[in-house]
Amino acid sequence: MMVLTVLVVVGAFRSGLTGSALHQFLFFLLFGMTIPVGIFRFWIVKTGRVKDWDIHNRKERIKPLGTLVLFSLFFVFVVYQIGNPFLVTFFDVLLLWIVGFFVLSFKIKASGHVGIITLAVLFAMKWYAVFVIPLLILPFLVAWARLVRKDHTLFEVVVGASWSIFVSLIYWVIA
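How each quantity is defined
- Residues numbered from 1 in each chain as written.
- Predicted model: local features only at pLDDT ≥ 70, side-chain atom pairs only at ≥ 80, totals over all residues.
- Heavy atoms only, no water.
- Helix = DSSP H or I, 4+ residues; strand = E, 2+ residues; numbered from the N terminus.
- Buried < 20%, exposed > 50% of the residue type's maximum accessible area, 1.4 Å probe, protein only.
- Phe/Tyr/Trp six-rings, centres within 6.5 Å; stacked < 30°, edge-to-face > 60°.
- Lys NZ or Arg CZ within 6 Å of the ring centre and 35° of its normal.
- Salt bridge = Lys/Arg side-chain N within 4 Å of Asp/Glu carboxyl O.
- Expected span 1.5 Å × (residues − 1).
- Contact = heavy atoms within 4.5 Å.

Enquirer: Residue-level account of the overall build of the protein, with values.
Expert: Along the protein, the regular secondary structure elements total seven helices and zero strands. Its helices and strands taken in sequence order, the protein reads α-α-α-α-α-α-α from the N to the C terminus. Expressed as lengths along the three principal axes of its C-alpha atoms, the size of the protein is roughly 45 × 40 × 20 Å. Residue burial in the protein is summarised as follows: out of 175 residues, 46% are buried.

Enquirer: An account of unusual backbone geometry is needed here, citing residue identities and associated values.
Expert: We note that Ala 129 has phi near 55 degrees; this positive angle belongs to a residue other than glycine. Note on placement: Ala 129 falls in the loop between α5 (112-128) and α6 (137-148). On the basis of relative accessibility, which here comes to 41%, the residue Ala 129 falls in the partly exposed class. Within the chain, Lys 150 stands out as a residue other than glycine whose phi angle is a positive 60 degrees. Within the secondary structure, Lys 150 sits in the loop between α6 and α7 (154-174).

Enquirer: Talk me through the packing of aromatic side chains; I want residue IDs and the actual numbers.
Expert: Scanning the model with the defined rule gives 18 aromatic pairs in all. Ring centres of Phe 28 and Phe 75 lie 5.1 Å apart, and the angle between their planes is 20 degrees; this geometry places the pair in the stacked category. Within this pair, whereas Phe 28 is found in helix α2 (residues 19-46), its partner Phe 75 is found in helix α3 (residues 62-82), the two being separated by 47 residues in sequence. Residue Phe 28 is classed as partly exposed on the basis of its relative accessible area, which comes to 25%. Under the relative-accessibility criterion, Phe 75 is labelled buried at 2%. Their ring planes at 80 degrees and their centres at 5.7 Å tell us that Phe 123 and Trp 127 sit as a pair that is edge-to-face. Residue Phe 123 and its partner Trp 127 are located together in helix α5, separated by four residues, close to a single helical turn. Across the pair, Trp 127 and Phe 123 agree in class, each one buried. Feature note: the residues Phe 25, Phe 28, Phe 74, Phe 75, Phe 86, Phe 90, Phe 91, Phe 123, Trp 127 and Tyr 171 constitute an aromatic cluster, connected by ring pairs. Arg 14 extends its terminal NZ or CZ atom over the ring of Tyr 128, reaching a point 4.9 Å from the ring centre.

Enquirer: Which residues make up the pattern of salt bridges, and what values go with them?
Expert: Summed over the entire model, instances satisfying the criterion amount to four salt bridges. Of the charged contacts in the structure, one is a salt bridge between Asp 54 and Arg 146, with a shortest N-O distance of 3.4 Å. Of the two residues, Asp 54 is situated in the loop between α2 and α3 and Arg 146 in helix α6; the sequence distance between them amounts to 92 residues. Considered together, Asp 54 and Arg 146 belong to a single accessibility category, that of buried residues. Salt-bridge contacts for Arg 149 lead to Asp 54; the nearest nitrogen and oxygen are separated by 3.5 Å. Taken together, the residues Arg 149 in the loop between α6 and α7 and Asp 54 in the loop between α2 and α3 connect sequence positions 95 residues apart.

Enquirer: Now, about α7: what can you tell me, with residues and values included?
Expert: Given a rise of 1.5 Å per residue, 21 residues ought to cover 30 Å, and the 31 Å separating the end C-alpha atoms of α7 matches this to within 8%. Within the span of α7, buried status applies to Glu 156, Val 157, Val 159, Gly 160, Ala 161, Trp 163, Ser 164, Val 167, Ser 168 and Tyr 171. Those residues of α7 hidden inside the fold are in contact with α4 (85-104), α5 and α6.

Note that every value here comes from positions in space, so none of it alone points to a role or purpose.
See the structure below:
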C-alpha cells in the first residue's frame, strides 16, 4: 500500500494539480484511501480473518483484494469529479491493474510486492524518462527478496511483474 500511495502522490504532482486542489486530493488520498485500507488490513489480521500481514494463503487474498477494488472504484469516481485528464487516465490504468490482480488471485498467488514496484518504476520511466533508469533495479531486488524469503515461487514473481509490464504498456500507449 505504501508504494501505491507514493505512486499516486507522484502522479498527483505530475498531473499539474496545484494549491488547494492538490491539497484536497492528497487529503482525500490519505483519509479516503490509504488510512481506511490500512485500518482494514490491520483489522483482518488482528481478528484472524487472514493468518498474516502478507496474506500468504491465496484464497485469503480474495476478500481483501475485492475490498481494494471497491475502494479503488470509489476513488476513480472521485478522480472523474476532479476532471483532470492526466489523473483520469492514470487512475483508469491503476484500476485495471488492481482489478486484473484481483482476478489473477483466483488462480495464482502472484507477487503483489513485485507487481506494484514494477508498475511504479515503469510509470516513473514514462514520466521522467532516463532519469529513473537506476530504479529498474528495484523490481529485481524485491523479486529476489520474495524468493529468498520463500514468500513466492519464481513463477508467481514473474506473473506479478508480467501483469505490471502489460498494464504499463497499455498506459504508455494511451497516455
